Amino acid sequence: MRLLAALFWRDLARLLPGMRGGGTLLPLLFFLAVAMLYPFAVGPNPTLLARTGGGVIWVAALLAAILPLDRLLAPDLEQGFFDQWALRGIAEEVVVAVRLVAHWLSFGPFIMLAALPASALVGIDGETLRTVELGLLAGTPGLAAIGIIIAAVTTSLRGGGAALAGLLVIPLAVPLLVFGAGSLSTGGQGGLALTAAISLLLVAIAPFAGGAAIRAAREG
């Protein structure tokens, strides 16, 4: 148990924005940049901004979640950490599950906080912001799970692995985007429930899918 706790704190220190272990503010700054530039792209029409702003926040959250994929698992595989953990009896699925929690903590809560100033930039009201925040709370664990799975699948790739990871994440995240952003136009409850259900399913699958991919990369 102590070893898993040490692994969790190590992962969190590496992924949290601004930490010395390697986490950067890039995903958070990217999220805010998208929200800031969107009104310049579509014009100052407040009705249009209010109608589309929530969806833009969702798209920005997805793009921000893609940015750290190249450093989620590949460096540890290249440096032999997975081999060392296997020798200590820690299965790949356990490592991936711990990394999933650390990954979500490194961007999910920060994206939800950044949605507050972003909502002012895109002109959405308080009720819509509440729905957006609940949707992000339900959906960002699913985005983190998709990111972990894709990062595990592409660990053995070189060069274009990060670009391929980004391309693979987008179609897999479409259901979360559809129901999460769709909840803004349907009153909220049904879309949020479906977003949470999909997210929980992805979180349950991610350790096993990611662990199998890491094991295949190690043995290959």
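Since we're looking at a predicted model, the values are computed, not measured.

J.: Is there a simple way to explain the overall build of the protein in this structure?
T.: Broken down by element type, the protein carries 10 helices and zero strands. Put simply, the protein runs from its N terminus to its C terminus through helices and strands in the order α-α-α-α-α-α-α-α-α-α. Burial analysis of the protein (220 residues in total) assigns 47% to the buried set. Carbon and sulfur atoms make up 71% of the accessible area of the protein, which totals about 10,400 Å².

J.: Teacher, can you tell me more about a nonpolar patch on the surface here?
T.: A surface patch of nonpolar side chains, amounting to about 450 Å² of accessible area, comprises Met36, Leu37, Phe40 and Leu121. No other element matches the three residues that helix 2 (residues 26-42) contributes to the nonpolar patch. If you trace the backbone, leucine 37 turns up in helix 2. A residue is classified by how much of its surface remains accessible, and leucine 37, at 52% relative accessible area, is exposed.

J.: What am I meant to see in the nonpolar core here?
T.: As a rule of thumb, soluble globular proteins bury nonpolar side chains together. Within the largest apolar cluster, 59 residues are counted, with the highest numbers of intra-cluster contacts made by Phe31, Ile57 and Leu136. When residues of this core are traced back to their parent elements, those giving at least two are helix 1 (2-15), helix 2, helix 3 (46-66), helix 5 (81-87), helix 6 (92-122), helix 7 (126-153), helix 9 (174-182) and helix 10 (189-219). Not counting residues up to four positions away in its chain, the partners in contact with leucine 136 are Ile57, Trp58, Ala61, Ile111, Met112, Ala115 and Pro141.

J.: I keep staring at the packing of helix 1 against helix 6 and nothing clicks. Help me out?
T.: In a pair of packed helices, the angle between the axes and the distance between the axes together describe the arrangement. Across the interface, helix 1 lies against helix 6 with an axial gap of 9 Å and an inter-helix angle of 40 degrees. Classed by the angle they form, the pair helix 1 and helix 6 counts as oblique. The two elements helix 1 and helix 6 cross, and the hand of that crossing is right-handed. For the pair helix 1 and helix 6, contact is made by Leu4, Leu7, Phe8, Arg10, Asp11, Leu12, Arg14 and Leu15 and by Val94, Val95, Val98, Arg99, Val101, Ala102, His103, Leu105 and Ser106, respectively. Its residues assigned to classes, the contact of helix 1 with helix 6 comprises 11 nonpolar, two polar and four charged.

J.: Would you mind going over the packing of helix 2 against helix 6 with me for this structure?
T.: It is at 9 Å that the axes of helix 2 and helix 6 come closest, and there the two elements cross at 15 degrees. Classed by the angle they form, the pair helix 2 and helix 6 counts as roughly parallel. Pair helix 2 / helix 6 crosses with right-handed handedness. Note on element contacts: helix 6 touches helix 2 through Phe110, Ile111, Ala114, Ala115, Pro117, Ala118, Leu121 and Val122, opposite Leu28, Phe31, Leu32, Ala35, Met36, Tyr38 and Pro39. Broken down by class, the residue content of the contact of helix 2 with helix 6 amounts to 15 nonpolar, no polar and no charged.

Each value, and the rule that gives it
- Residues numbered from 1 in each chain as written.
- Predicted model: local features only at pLDDT ≥ 70, side-chain atom pairs only at ≥ 80, totals over all residues.
- Heavy atoms only, no water.
- Helix = DSSP H or I, 4+ residues; strand = E, 2+ residues; numbered from the N terminus.
- Buried < 20%, exposed > 50% of the residue type's maximum accessible area, 1.4 Å probe, protein only.
- Areas by Shrake-Rupley, 256 points an atom, 1.4 Å probe, with all protein chains shown as cover.
- Patch = residues over 30% accessible without salt bridge, like charges linked within 9 Å, V, L, I, M, F, W, Y side chains within 5 Å.
- Salt bridge = Lys/Arg side-chain N within 4 Å of Asp/Glu carboxyl O.
- Core = buried A, V, L, I, M, F, W, Y, C linked by side-chain atoms within 4.5 Å.
- Contact = heavy atoms within 4.5 Å.
- Axes fitted to C-alpha atoms, helices over the stretch in contact; angles between N-to-C directions.
- Parallel < 35°, antiparallel > 145°, perpendicular 65-115°, else oblique.
- Left-handed = near helix turned anticlockwise from the far one by under 90°.
- Nonpolar A, V, L, I, M, F, W, Y, C, P; charged D, E, K, R; others polar.

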